[in-house]
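Listed below are the residues making up each chain.
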2 protein chains.
Amino acid sequence: MPNDYPPADLDLVSGAESDSDSLRALFRPRSVAVVGASRDPGKIGGRIFRYVRDRGYPGPVYPISAGTEPVQGAEPLPSLDALPSPADLVFVVVPARHVPEAVSAAADRGCGACVVVSSGFAESGPEGKVLQEEIEAIARATDLRILGPNCMGIMNPRIGLYGTFMSALDEVPLPPGNVALVSQSGAFATHAALLLRNRGLDLSLWCTTGNECDVDVADGIACAARDEDTEVIVAYLEGCRDLEKLDASLAVAAETRKPIVVLKAGRSAPGAEAARAHTAAEAGDDARFDGVFRRSGAYRARSIEELVDVTRACAANAFPNGRRVGLMSISGGVGVIMADDAVRAGLDVAPMPAAVESELKALLPFAAARNPIDCTAQAFNDWSLFDRFLDATVRRGGYDSIVLFLATVGANPAVMDPLMDRLEAARAARPDRVMALSLIIDDERRGRLERAGFLVFEDPSRAVNTVAALAHIGDHLFRR
Amino acid sequence: MPNDYPPADLDLVSGAESDSDSLRALFRPRSVAVVGASRDPGKIGGRIFRYVRDRGYPGPVYPISAGTEPVQGAEPLPSLDALPSPADLVFVVVPARHVPEAVSAAADRGCGACVVVSSGFAESGPEGKVLQEEIEAIARATDLRILGPNCMGIMNPRIGLYGTFMSALDEVPLPPGNVALVSQSGAFATHAALLLRNRGLDLSLWCTTGNECDVDVADGIACAARDEDTEVIVAYLEGCRDLEKLDASLAVAAETRKPIVVLKAGRSAPGAEAARAHTAAEAGDDARFDGVFRRSGAYRARSIEELVDVTRACAANAFPNGRRVGLMSISGGVGVIMADDAVRAGLDVAPMPAAVESELKALLPFAAARNPIDCTAQAFNDWSLFDRFLDATVRRGGYDSIVLFLATVGANPAVMDPLMDRLEAARAARPDRVMALSLIIDDERRGRLERAGFLVFEDPSRAVNTVAALAHIGDHLFRR
């Protein structure tokens, strides 16, 4: 599916600060070559060429391919030597055994960076390991930077650079946005990109590092931290050869006050073994990763779903000032569940001030008014009750964040319509509070609540966990 | 929203075995009275009367209300004494201080059961506690059974009995189904019922127990276990005054081979305190509950979302024969995540037989073929590769269950269409295996995959966790 946003302009490609950055050629190339560009637009080498050429990238894109038949309408060049000038960025899509030769040619030609998508390197056994060492040596000995091997490429949607073979691009446009996604795993990055897109979040950068013979997740995080348009950084990693470098990159992100949400896999023995087979990564000592993430305030998600929830909440760019959470519901039962979740996630379910509690109990004796607060469904028979309970929770309890469980009320317009107005007013009156709602609701009303500044969830445990993640992140980024 | 299924027939109300059951009058009443039936169809007492009368319940429904003005078109009776014969089931919707009198009148009149929805009992303080003790004493001294107080009522959709004030009923029909939902919390039960409905599951019974002065969650579970139409039992509890009784009810369910999915809240200190304020429940020693659930094979969910996932999977009525899980993906990264999840959830990520592993590695050297299995996106360029990998995972690995991660492939019809046929064939060839898919997919294709017998999830961790829950349940129900 072609993008419907305007083509990028080459000025974007050469930003001021970017020229000193050795990764500029990778993220903001002035020209691109595809070694192994295929005539078949469905094959990997055909797709990368097609996506880079046809999606608004403003620089020249050269197919390097044997033979004289046009490559998807373009005249092929026989080798990198035939380029009019060295390409900034070279995609390498040839069988593993030919990769060292192609990478070496790119270095000799003075190109800036290679993206090696081919598999069959250290992840596949001793022979592949030798091949990987060869290209690693080239990266070390020259100015050429290498992304991969065994990766899915790179995207910088702002400059129309879709340097990947992700087939979902044929169906789903990925317009520019503010989330940087840096991942060892390509398919993880693909899946996460689509999940984020489905939830209204788009990408500032997308970078898959695969076997990391040179450029690694830490490099990607550092780039994203320095990138003006990036507001949230999402990272997936299986291993890390240089924890100190990772630590330093996370510190850069923390200094620039960019939230980082990370998923580090390979905790279990079969997980660690799978990581070795996948990107030749050593999963390492899980506790050491925990320590590195904790120091920088990076939030470690336990699943892709949680990672998307937290990223989405971070993109709203509101963080609680502390860990005190007010839990309000129309169902004591779910209040109990939310209290359990909040405690487990490290939030403080602080009691309502005693005077307020007494006042609420006097209004509605069978309500719960301590925290969790339960106004019961009675509050929808008498709106003044609801207003008093909501005001107490939002304003008088002194809570840094509020989670409000409304069960199935969203399915009942007679109740939901007057409730929407009240929620919007409460939200507007307290812009400094983080407010999450949990309810079953249609997309239109959900959108309206989100635009008003609520985080909206169906599941109350996910609402509480996400607020806890925001408190954790905010605690590190804004109050140290 | 009125139901569009035909009205029930009174034969259903008086089943053969049911007459000996002291809870027959509660779950299958031959007649109903509503004490406090309101002329206002939107008020609690107006809604219960309306829902019971207007949704297909075939027996007589009497409004008991002061005054002579019609109650929603029906002639009110001044008291239970004015009934032509004792009502089987009496809903009590009057302020707490009048409840003992109403319950006592029901007992004197020879009614079978009362549902007390009113709040203001033990959950609200010492005065309410005294009121609750009064009605509890009536239940002990007479044949009258009491559900509540402080509950949201009861539903038996097969006989059109919608005895609740859940306002969502105005919008959402709740037709009969095969899941029994027994909950201390009414709003939890409402929320869960709608979530299940949204995922295609309907209710055989729905029972909220509130403060449990007489009928408790254990009674509801025992009824559901003996109920012919119930295939899965879902329970929510905050406390339990008689753990031995709960244990016995769970054992009945286990004997009848009905899976039980339970959420027990109140683990944390504020959660336990909230439970006290909500249903006057003592959350008790959490480890003792764990022990009771473990003994019967009840699966303890940690969130409503997980409870719904597992219930839905149980309703498909296929359980793995063991804990060996085959994890296959087109992305090594997500394979690593799934392996971590599987180990954490107690599944056995057993390696592929060595001969099969070698064979697969020979086919595709950069694939992972041990477990997790990663056929890489290459398999979609050459379907024979995919077929071999899938066959190995489904058939040759000897796995009891299979989880297949397909990332964003669902968004690409050119790949998804040939894939659908292959998946359906694999599913049909191995009906004895539990197979879960994780992918981003549209509703239509999702429906087709579900009809073919796959469990379908967007998030891979939820897929793995649900399969682990099925293995846990199956292990207890079918192999002890």
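Quick notes on the rules
Residues numbered from 1 in each chain as written. Chains lettered and ligands numbered in written order. Predicted model: local features only at pLDDT ≥ 70, side-chain atom pairs only at ≥ 80, totals over all residues. Heavy atoms only, no water. Helix = DSSP H or I, 4+ residues; strand = E, 2+ residues; numbered from the N terminus. Rg over C-alpha atoms; globule rule 2.2 N^0.38 Å. Buried < 20%, exposed > 50% of the residue type's maximum accessible area, 1.4 Å probe, protein only. Contact = heavy atoms within 4.5 Å. Areas by Shrake-Rupley, 256 points an atom, 1.4 Å probe, with all protein chains shown as cover. Lys, Arg positive; Asp, Glu negative; His and termini not counted. Charge placed at Lys NZ, Arg CZ, Asp CG, Glu CD. Pairing = 2+ DSSP bridges. Axes fitted to C-alpha atoms, helices over the stretch in contact; angles between N-to-C directions. Expected span 1.5 Å × (residues − 1). Polar contact = N/O pair within 3.5 Å; in protein donor to acceptor, adjacent residues only side chain to side chain. Salt bridge = Lys/Arg side-chain N within 4 Å of Asp/Glu carboxyl O. Left-handed = near helix turned anticlockwise from the far one by under 90°. Nonpolar A, V, L, I, M, F, W, Y, C, P; charged D, E, K, R; others polar. Parallel < 35°, antiparallel > 145°, perpendicular 65-115°, else oblique. Least-squares fit on C-alpha atoms with pLDDT ≥ 70 in both. Right-handed = clockwise from strand over helix to strand, strands pointing away. Buried area = accessible area lost by both parts, 1.4 Å probe.

Colleague: For this particular structure, what's the right way to read the overall build of chain A?
Modeller: Looking only at helices and strands, chain A has 17 helices and 18 strands in total. In terms of overall dimensions, chain A is globule-like: its C-alpha atoms have a radius of gyration of 26 Å, near the 23 Å expected for 480 residues. Projected onto its principal axes, the C-alpha coordinates of chain A cover approximately 85 × 45 × 40 Å. Here chain A holds 480 residues, and 65% of them are scored as buried. For chain A, the proportion of contacts with a sequence separation of at least 24, taken over those separated by at least 6, is 72%. In the form shown here, chain A has an accessible surface area of approximately 16,600 Å², with 49% of it arising from carbon and sulfur atoms. Between the averaged position of the 50 positive side-chain charges in chain A and that of its 65 negative side-chain charges there is a distance of 4 Å.

Colleague: Please clarify how the sheet that holds strand S5 (residues 145-147) of chain B should be interpreted in this entry.
Modeller: Sheets are built from strands that pair by backbone hydrogen bonding, the pairs being arranged parallel or antiparallel. Residues and elements named next belong to chain B. Taken together, the 5 strands give an open sheet; going across it, the order is S2-S1-S3-S4-S5, and neighbouring strands pair in parallel fashion. Across the chains shown, the open sheet's two edge strands, defined by having one partner strand only, are strand S2 (61-64) and S5. Direction aside, the axes of adjacent strands within the sheet are offset by 20° on average. Note: strand S1 (residues 32-35) against S2, 4 bridges, orientation parallel. Its bridge partner lying in S2, Val-34 is registered against Pro-63. The sheet contacts of helix H3 (residues 44-54) involve S1, S2 and strand S3 (89-92), and relative to S2 the element is tilted by about 165°.

Colleague: I'm lost on helix H6 (residues 186-198) of chain A in this one. Help?
Modeller: Residues and elements named next belong to chain A. With 13 residues, H6 extends 18 Å between its outermost C-alpha atoms, agreeing within 8% with the 18 Å of an ideal straight helix rising 1.5 Å per residue. For H6, the buried fraction is high: 11 of the 13 residues fall into the buried class. If you check which residues of H6 are buried, you get Gly-186, Ala-187, Phe-188, Ala-189, Thr-190, His-191, Ala-192, Ala-193, Leu-194, Leu-195 and Leu-196. Backbone nitrogen of Phe-188 and a side-chain oxygen of the N-cap are separated by 3.0 Å at the start of H6; the cap is Ser-185. Gly-200 sits one or two residues past H6 and shows a positive phi near 85°.

Colleague: Help me understand the pattern of salt bridges in this model?
Modeller: It is possible for side chains bearing opposite charge to pair when their charged atoms get close. Taken as a whole and judged by the stated rule, the model has 77 salt bridges over all chains. One connected set of salt bridges, linked through shared partners, spans Glu-305, Asp-309 and Arg-462 of chain A together with Glu-305, Asp-309 and Arg-462 of chain B.

Colleague: Any chance you could explain the packing of helix H12 (residues 332-344) of chain B against helix H17 (residues 460-478) of chain B here in plain terms?
Modeller: Residue and element names in this part refer to chain B. Look at H12 against H17: their axes get within 9 Å of each other, and the N-to-C directions meet at 35°. Seen along the crossing, H12 lies across H17 with a hand that is right-handed. Residues Val-334, Ile-337, Met-338, Asp-341 and Ala-342 of H12 touch H17, and the partners they reach there are Pro-460, Ser-461, Val-464 and Asn-465. Residue composition of the contact of H12 with H17, by class: 6 nonpolar, 2 polar and 1 charged.

Colleague: Sorry if this is basic, but what is going on with the packing of helix H6 (residues 186-198) of chain B against helix H11 (residues 304-315) of chain B here?
Modeller: The relative placement of two packed helices comes down to the angle between their axes together with the axis-to-axis distance. All names here are of chain B. Close contact between H6 and H11 brings their axes to 10 Å; oriented N to C, the two are set at 45°. With respect to H11, the axis of H6 lies oblique. Between H6 and H11 lies a crossing whose hand is right-handed. Between H6, through Phe-188, His-191, Leu-195 and Leu-196, and H11, the contact on the second element is made entirely by Ile-304, Leu-307, Val-308 and Thr-311.

Colleague: Can you walk me through the relation of the copies chain B and chain A in this structure?
Modeller: Its rotation angle being 180°, the transformation that places chain B on chain A also includes 0.0 Å of axial translation and leaves an RMSD of 0.0 Å. Here the copies are linked by what is in effect a two-fold axis. Of the C-alpha atoms belonging to chain B, the one lying closest to the rotation axis is found on Glu-305 of chain B, 6.0 Å away. Of the residues that chain B buries at the interface, 100% are likewise interface residues in chain A, meaning the two copies contact each other through the same surface.

Colleague: Sorry if this is basic, but what is going on with the pairing of strand S4 (residues 113-116) of chain B here?
Modeller: Consecutive side chains of a regular strand alternate in pointing toward one face of the sheet and then the other. Residue and element names in this part refer to chain B. Burial of S4 is two-sided: the residues Ala-113 and Val-115 facing one way and the residues Cys-114 and Val-116 facing the other way are all buried. Sheet topology places S3 next to S4; 4 bridges connect them, and they run parallel. Residue Leu-89 lies in a different strand from S4, and its bridge partner there is Ala-113. Here S4 runs beside S5; their pairing, made up of 3 bridges, is parallel. Bridging across to S5, Val-115 finds its partner in Leu-147. With helix H5 (residues 126-141) bridging S4 and its parallel neighbour S5, the resulting β-α-β unit is right-handed.

Colleague: When you look at the environment of Leu-174 of chain A in this model, what are you seeing that I'm missing?
Modeller: Note on placement: Leu-174 of chain A falls in the loop between strand S7 (161-164) and strand S8 (176-183). The exposure class assigned to Leu-174 of chain A is buried, which follows from its relative accessible area of 3%.

Colleague: Could you clarify how one ought to interpret the pairing of strand S9 (residues 203-208) of chain B in this entry?
Modeller: Residue and element names in this part refer to chain B. When you tally the buried positions in S9, you get 6 out of 6 residues, the bulk of the element. As paired elements, strand S6 (residues 153-156) and S9 share 2 bridges and run antiparallel to each other. Bridged to Ile-154 within S9 is Cys-207. Pairing analysis gives 6 bridges linking strand S8 (residues 176-183) to S9, with the strands arranged parallel. From the neighbouring strand, Val-182 faces S9, where its bridge partner is Cys-207.

Colleague: What's the story with the interface of chain B and chain A in this structure? I'm lost.
Modeller: Interface size is commonly expressed as the accessible surface area that is lost when the partners come together. Across the contact, 72 residues belong to chain B and 72 residues belong to chain A. Summing the contributions of chain B and of chain A, the shared interface buries around 5,100 Å²; its carbon and sulfur component is 62%. Linking chain B to chain A there are 6 salt bridges. Across the contact surface, chain B and chain A share 18 residue pairs in polar contact (both at pLDDT 80 or more). Contributions of two or more residues to the side of chain B that touches chain A are made by H3, H6, helix H9 (269-279), H11, H12, strand S16 (401-407) and H17 of chain B. Grouping the constituent residues of the side of chain B that touches chain A by class yields 32 nonpolar, 22 polar and 18 charged.

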